[in-house]
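# Commentary on secondary and tertiary structure
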Amino acid sequence: MRTQLFYASTLYGAATLAAALDAGRFAPADQRLLLVSNNAATPETTPALDRMPGFERLRGRFDRVLSWNETIRPFHPGGWSPRNDDVPLWERHLRSLWGLGEQRGDTVELVVESIQVDPALALCRLFPDAPVHVYADGLMSYGPTRNKLDPLVGTRVRRLLHPDLLPGLEPLLLTEFGVAPETVPSGAFTAVLAELAEDLPPTVAEVVAEAPGGALLLGQYLSALDILSAEEEEQLHVRMLRGAAALGHRRVVFKPHPVAPARFSRALEKEAGELGVELRVIAAPVLAEVLYARMRPALVAGCFSTALLTASACYGLPVARTGTELLLERLAPYQNSNRVPVTLVDALLPDLADPAAVRAWTPPDEERLAGEVSGLVRTVGYCMQSQIHPGLRPEAERYLSTRLTASTWRYFKKRRLTSLALPGAVPSQLAFLPRNPTVRRVARRARALKRAARR
């Protein structure tokens with residue numbers, strides 16, 4: 001018996017899997033199971049994806065739907081992984097519990113997202129002989145693998161499936177294992193999203209009916225990630241609203257993050273009253289892409305959400321960004337996995353505070369994505385994970401030697417360039433210093449003395 005076990009934690013991810021199945025991206029199997037995980041900080045108060053509006057449209061692609069939360073209760077999905085000695089016991093238990101077969105020749109294929117962290121990593125460890133397919137549901141696929149992955153896991157990955165949001169730009173994720181990317185056709189993806197749009201909750205349908213062609217603002221709840229304070233995020237949303245109003249939009253819909261506090265919406269409502277803007281807030285947990293299909297907004301604005309690129313690539317909608325410069329400064333450490341998504345949105349989309357740029361913006365062509373943008377992303381990727389991608393160093397050196405300008409400096413940190421001895425860290429006439437053995441020895445001694453003095 002051959003079983004394909006699909007793992008998903010978001011409705012967007014489940015839609016990506018459904019689109020890949022519809023497009024024939026998976027070989028036939030005896031059974032296809034969807035394993036749902038609710039990774040919210042408090043899963044008990046947040047609906048899992050199989051309880052969200054529209055999921056029933058996807059259920060038919062799978063023979064059964066399983067719950068990872070129920071399987072490992074009382075542990076949290078994001079904080080549990082099996083001990084090495086317990087892996088054989090757990091595999092036998094799961095094969096029996098989920099009906100995966102226990103005979104020689106009964107095979108399991110894993111299809112997971114975010115393989116670098118649990119619960120996807122835990123699943124890969126629990127089925128040590130299973131081939132793995134990774135699918136990406138966001139812009140992080142264009143960046144490097146966030147952690148050094150165990151070769152016993154990484155070498156089992158067969159391919160990386162991803163929506164083609166930036167044609168011409170190759171994902172960097174998992175390339176250290178020679179994993180080839182494979183796109184999920186945009187047509188199949190939008191067809192699945194159109195299915196989800198058929199089941200809008202009544203409150204959302206009412207908002208969509210009253211604000212066709214308005215501006216849509218996307219919230220992300222960055223304060224929960226400790227990137228911004230709650231007050232700074234409130235002001236970010238206010239700037240979105242002001243930017244939309246400056247472009248002449250008088251009907252605005254705000255889609256907050258599903259677990260964002262209500263205070264964000266109240267701050268916007270107050271500002272909307274002062275600006276004379278009709279503001280509606282989407283309270284139900286629906287995908288932004290569902291609103292694109294039903295509302296056809298005249299503008300989509302946000303910070304660095306993947307949904308901004310989906311709006312442009314899949315729906316041809318005008319888009320704009322705000323707050324990315326602040327985030328590029330705040331993201332820490334430099335290896336933060338959000339850095340490439342923020343870099344892409346900042347480099348490709350117009351600033352909402354510049355109405356002329358928003359009106360004149362056109363999507364980047366494949367030539368620019370494959371050349372200039374690819375060079376930027378691969379250089380940022382090397383600076384983030386130089387040990388995982390040492391082969392990118394010559395390319396990074398060329399880019400930094402020729403492309404560092406006032407507009408590109410914000411994607412890099414002088415301290416990071418210095419630690420990697422890359423161009424741009426010091427003036428060109430002193431560029432030999434970071435590679436000089438004597439200088440490096442003196443620098444290490446100075447740092448050691450500084451640490452000793454602190455103690």
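Worth saying up front: this structure is predicted, and the values here are computed from it rather than measured. (Residues numbered from 1 in each chain as written. Predicted model: local features only at pLDDT ≥ 70, side-chain atom pairs only at ≥ 80, totals over all residues. Heavy atoms only, no water.)

Before going further, it helps to spend a moment on the overall build of the protein chain. Along the backbone of the protein chain there are 19 helices and twelve strands. When the backbone C-alpha atoms are referred to their principal axes, the protein chain occupies close to 65 × 65 × 50 Å. Relative to its full complement of 455 residues, the protein chain shows a buried share of 52%. Across the protein chain, contacts joining residues at least 24 apart in sequence account for 72% of those joining residues at least 6 apart. (Helix = DSSP H or I, 4+ residues; strand = E, 2+ residues; numbered from the N terminus. Buried < 20%, exposed > 50% of the residue type's maximum accessible area, 1.4 Å probe, protein only. Contact = heavy atoms within 4.5 Å.)

Strand-to-strand pairing in sheets goes through backbone hydrogen bonds, with the strands running parallel or antiparallel. An order of β3-β2-β1-β4-β5-β6-β7 is seen for the seven strands of this open sheet, with the pairing classed as parallel. One side of each edge strand has no neighbouring strand; the edge strands of this open sheet are β3 (64–67) and β7 (180–184). Within this sheet the neighbouring strands show an average axis-to-axis angle of 25°, counted without direction. Across five bridges, the pairing between strand β6 (residues 157–163) and β7 is parallel. Paired with Arg159 across the bridge in β7 is Ala180. Its contacts with the sheet place helix α1 (residues 11–22) against β1 (2–8), β2 (31–36), β4 (107–112), β5 (132–135), β6 and β7, and it is angled at close to 145° to β1. (Pairing = 2+ DSSP bridges. Axes fitted to C-alpha atoms, helices over the stretch in contact; angles between N-to-C directions.)

Geometrically, a packed helix pair is captured by the angle between its two axes and the distance between the axes. At a minimum axis separation of 10 Å, helix α7 (residues 186–196) and helix α12 (residues 306–315) run at an interaxial angle of 110°. Comparing the axis directions of α7 and α12 gives the class roughly perpendicular. As α7 runs across α12, the sense of the crossing is left-handed. Together, Ser186, Phe189, Thr190 and Leu193 of α7 and Thr310, Cys314 and Tyr315 of α12 make up the contact between the two elements. A per-class count over the contact of α7 with α12 returns four nonpolar, three polar and no charged. (Parallel < 35°, antiparallel > 145°, perpendicular 65-115°, else oblique. Left-handed = near helix turned anticlockwise from the far one by under 90°. Nonpolar A, V, L, I, M, F, W, Y, C, P; charged D, E, K, R; others polar.)

Okay, the nonpolar core next. In terms of nonpolar packing, the biggest core is built from 116 residues, with Tyr292, Leu344 and Phe412 touching the most fellow members. The greatest single-element share of this core, amounting to nine residues, is contributed by α1. In contact with Leu344, other than residues within four places in its own chain, are Tyr142, Leu166, Leu169, Val373 and Val377. Listed in part, the 32 residues of the second largest apolar core include Leu100, Ile115, Val134 and Val157. (Core = buried A, V, L, I, M, F, W, Y, C linked by side-chain atoms within 4.5 Å.)

The next thing to look at is the packing of aromatic side chains. When we look at a pair of aromatic rings, we describe it by the centre distance and by the angle of the planes. Per the stated rule, a full pass over the model turns up nine aromatic pairs. Ring plane angle 70° and centroid distance 5.5 Å describe the contact between Tyr292 and Tyr315, whose orientation is recorded as edge-to-face. Within this pair, whereas Tyr292 is found in helix α11 (residues 288–295), its partner Tyr315 is found in helix α12, the two being separated by 23 residues in sequence. Across this residue pair, the class does not change: Tyr292 and Tyr315 are buried. (Phe/Tyr/Trp six-rings, centres within 6.5 Å; stacked < 30°, edge-to-face > 60°.)

Turning our eyes to something else, we now look at the side chain of Asn69. Its place among the elements puts Asn69 in helix α3 (residues 68–72). For Asn69, a relative accessible area of 13% gives the class buried. Sequence-distant contacts of Asn69, defined by excluding residues within four places in its chain, comprise Val36, Ser37, Asn38, Pro43 and Pro77.

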